[in-house]
Amino acid sequence: MSQILLIGSCEPFSGKSALVLGISKKLLEQGKKIRVGKPLATCIELTNLPSMTYEGLIDDDVKFIGTTLNLPEENLIPSVGLLDNISAEKRITNKDLSPGKGFEQIEALVNDDFDGLNILEAAGSLNEGMIYGLSLPQLAKHLNAKVLIVNLWEDSKSVDALLDAKEQLGDHFAGAILNAVIPEQVEKIKNKIIPSLQEMNIKVFGVMPKSPLLRSVTVGELIRRLDAKVICCPEKEQLLVETLSIGAMGVNSAMEFFRRRRNMAVVTGAERTDIQLAALEASTQCLILTGLGEPLLQLIHRAEELEVPILKVDLDTLASVEIIEQAFGHVRIHESIKASYAVQLVQEHVNLKNILETIDFPCNFSNKC
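Rules used in this analysis
- Residues numbered from 1 in each chain as written.
- Predicted model: local features only at pLDDT ≥ 70, side-chain atom pairs only at ≥ 80, totals over all residues.
- Heavy atoms only, no water.
- Buried < 20%, exposed > 50% of the residue type's maximum accessible area, 1.4 Å probe, protein only.
- Helix = DSSP H or I, 4+ residues; strand = E, 2+ residues; numbered from the N terminus.
- Pairing = 2+ DSSP bridges.
- Right-handed = clockwise from strand over helix to strand, strands pointing away.
- Axes fitted to C-alpha atoms, helices over the stretch in contact; angles between N-to-C directions.
- Parallel < 35°, antiparallel > 145°, perpendicular 65-115°, else oblique.
- Left-handed = near helix turned anticlockwise from the far one by under 90°.
- Contact = heavy atoms within 4.5 Å.
- Nonpolar A, V, L, I, M, F, W, Y, C, P; charged D, E, K, R; others polar.
- Salt bridge = Lys/Arg side-chain N within 4 Å of Asp/Glu carboxyl O.
- Core = buried A, V, L, I, M, F, W, Y, C linked by side-chain atoms within 4.5 Å.
- Phe/Tyr/Trp six-rings, centres within 6.5 Å; stacked < 30°, edge-to-face > 60°.
- Lys NZ or Arg CZ within 6 Å of the ring centre and 35° of its normal.

J.: Go over the pairing of strand β7 (residues 146-152) with me, naming the residues and quoting the values.
T.: With five of its seven residues buried, β7 lies for the most part within the structure. Both strand β1 (residues 3-9) and β7 contribute to a ladder of five bridges, which runs parallel. Looking at β7, one finds that Ser9 is bridged to Val150. Following the chain from β7 across helix α6 (residues 159-169) to the adjacent parallel strand β8 (residues 173-181), one finds a crossover that is right-handed.

J.: Tell me what's going on with the packing of helix α9 (residues 219-226) against helix α13 (residues 317-327), and back it up with residues and numbers.
T.: Contact geometry of α9 with α13 gives a least axis separation of 10 Å together with a crossing angle of 130 degrees. As summarised for this structure, α9 and α13 are arranged oblique, according to the angle between their axes. Relative to α13, the crossing made by α9 is right-handed. In this structure, α9 uses Leu222, Arg225 and Leu226 to contact α13, whose residues at the interface are Ser320, Ile323, Ile324, Gln326 and Ala327. Of the residues belonging to the contact of α9 with α13, the class tally is five nonpolar, two polar and one charged.

J.: Can you explain the pattern of salt bridges? Please cite residues and give values.
T.: Oppositely charged side chains are able to pair whenever their charged atoms sit close together. Overall, the coordinates contain 18 salt bridges when judged by the stated rule. Among the ionic pairs, Arg91 bridges to Asp96, the shortest N-O distance being 3.8 Å. In this structure, Glu281 and Arg302 form a salt bridge, with 3.0 Å as the shortest nitrogen-oxygen distance. One end of the pair, Glu281, is in the loop between α11 (273-280) and β15 (284-290); the other, Arg302, is in helix α12 (residues 297-306), and 21 residues separate them in sequence. Shared partners join several salt bridges into a network, and the residues in it are Lys38, Asp59, Asp61, Glu121 and Arg332.

J.: An account of the sheet that holds strand β11 (residues 229-232) is requested, with residue identities and associated values reported.
T.: Judged by pairing direction, the sheet is mixed, and its five strands sit side by side in the order β11-β16-β15-β14-β13 without closing on themselves. Both edges of this open sheet fall to β11 and β13 (243-247), since each of them pairs with a single strand only. Pairs of neighbouring strands in the sheet enclose a mean axial angle of 25 degrees, with direction left out of account. Its contacts with the sheet put α13 on β13, β14 (264-269) and β15, and the angle it makes with β13 is roughly 175 degrees.

J.: With reference to specific residues and values, describe helix α2 (residues 60-69).
T.: Note on helix geometry: an α-helix contains 3.6 residues per turn, so any two residues three or four positions apart are oriented the same way. Burial of α2 is extensive: seven of the 10 residues sit out of reach of the surface. When α2 is considered as a whole, its buried residues turn out to be Asp60, Asp61, Val62, Phe64, Ile65, Gly66 and Leu69. For α2, the elements touching its buried residues are α1 (16-29), β2 (34-37), β4 (76-77), β6 (117-121) and α14 (336-349). Where α2 terminates, the next one or two residues include Asn70, which has phi positive at roughly 55 degrees.

J.: Break down the sheet that holds strand β9 (residues 204-209) for me, citing the residues and quoting the values.
T.: With respect to topology, seven strands assemble into an open sheet ordered β4-β2-β6-β1-β7-β8-β9, the strand pairing being parallel. With partners counted over all chains shown, the strands left at the sheet margins are β4 and β9, one partner each. Here β2 pairs with β4 via two bridges, running parallel. Bridge pairing links Gly37 to Ile77 in β4. Against the sheet, helix α5 (residues 136-143) makes contact with β1, β6 and β7, and its axis sits at roughly 170 degrees relative to β1, the strand it touches most.

J.: So what's going on with the packing of helix α4 (residues 103-111) against α5? Which residues, and what values?
T.: Contact geometry of α4 with α5 gives a least axis separation of 10 Å together with a crossing angle of 50 degrees. Comparing the axis directions of α4 and α5 gives the class oblique. Where α4 abuts α5, its residues Phe103, Ile106, Glu107 and Val110 lie against Leu139, His142 and Leu143. Residues that form the contact of α4 with α5 fall into these classes: five nonpolar, one polar and one charged.

J.: Tell me about unusual backbone geometry, and please be specific about residues and values.
T.: Within the chain, Asn201 stands out as a residue other than glycine whose phi angle is a positive 65 degrees. Summarising the element assignment, Asn201 is placed in the loop between α7 (186-199) and β9. In the Ramachandran plot, Asp360 falls in the positive-phi region, its phi being about 60 degrees despite a non-glycine side chain. Among the secondary structure elements, Asp360 is positioned in the segment after α15 (352-358). Owing to a relative accessible area of 62%, Asp360 belongs among the exposed residues under this scheme.

J.: Explain the nonpolar core to me, using residue names and the numbers behind them.
T.: By size, the foremost hydrophobic cluster in this structure holds 41 residues, and its most contacted members are Leu6, Leu143 and Ile149. Of all the secondary structure elements, the ones that give two or more residues to this core are β1, α4, α5, β7, α6, β8, α7 and β9. Counting residues per element, this core draws most heavily on α7, at five residues. Each residue touching Leu6, except ones within four places of it in the same chain, is listed here: Leu120, Leu136, Leu139, Ala140, Ala145, Lys146, Val147 and Leu148. Listed in part, the 37 residues of the second largest apolar core include Val62, Ile65, Phe205 and Ile333.

J.: Can you break down the environment of Val219 residue by residue, with the values?
T.: Tracing the sequence through the fold places Val219 in helix α9. Separated by 33 residues in the primary sequence, Val219 and Val186 have C-alpha atoms spaced 31 Å apart. Every residue in contact with Val219, bar those within four places of it in the chain, is listed here: Lys236, Glu237, Leu239, Val241, Gln285, Cys286, Pro309 and Leu311.

J.: Talk me through the packing of aromatic side chains; I want residue IDs and the actual numbers.
T.: Overall, the coordinates contain zero aromatic pairs when judged by the stated rule. The ring of Phe114 carries Arg35 above its face, with NZ or CZ at 4.0 Å from the centroid.

This is the structure in structure tokens:
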């Protein structure tokens, strides 16, 4: 009989995949066996979409974790549904809210002879997936599994979400990880907030600080979201953008501002060659030019020398900035540098020993991990 740990969250992009990756990596290092999966797929390449039965469908997050950790294919648990508008509409039309026959594969995980831990990542929120019979509370009940909640922390009001999760999950609620905490607030939360939460029967297994790297977005993702034309350095799509700057000030002010930023995307008007050249001499990962006009050859040559992509968009500056800001913190961990940092973050700030003891999974860790 194998064990299941469900990883859930109260809102999307809370850090579930990072946690799955970090826990899995540590267990493998300790000689334990793991299988990973997402019962409800939320991220797939549509070009490879199988039939509406979704037989053998592996979520892209699961594929990435499998590749990163060199897991055998049989240790990647197929999804039994896909979160998309087409299948949702079909279920509403058919008045079908059951998990379907494919869910038998997930239920079978409980009773097979796998002597390891099955780590399943739920959909984005507590309620997401109800139309498929695959919401987090439904999964916990059907599988009789413990749930670890990754909760984004803004301030003390973030406890509301944890209280709601605890009430909905009941005895299946194992505890929480507080994620994206402002680094300066970590010690205060550990010393003041966590003891109070524990008295409210909410175990907190870790406090992970906010990471600009994990919130970053690739140049390629910005190209896709902005529908941008790539003027130079198309091979640099994997560069990571951590911050956004708007080049709308005088060049002297801009140079001083740019020096204080790192790994920027700089959005500025196509006519502002002075700002563009100043940005190239700072920590700039890409230039995004808006408005009419084309960049000067002098700028293109300098960008090519420094290997900084230049993107041209049809949108105005304000619209471009809104799209870019929406991207930060809302992209998948599908880059190796992010994966390595996520593993490090989890192993430094999460008490895996306590998590495994709570779910009665045998471990021989000496302390936190």
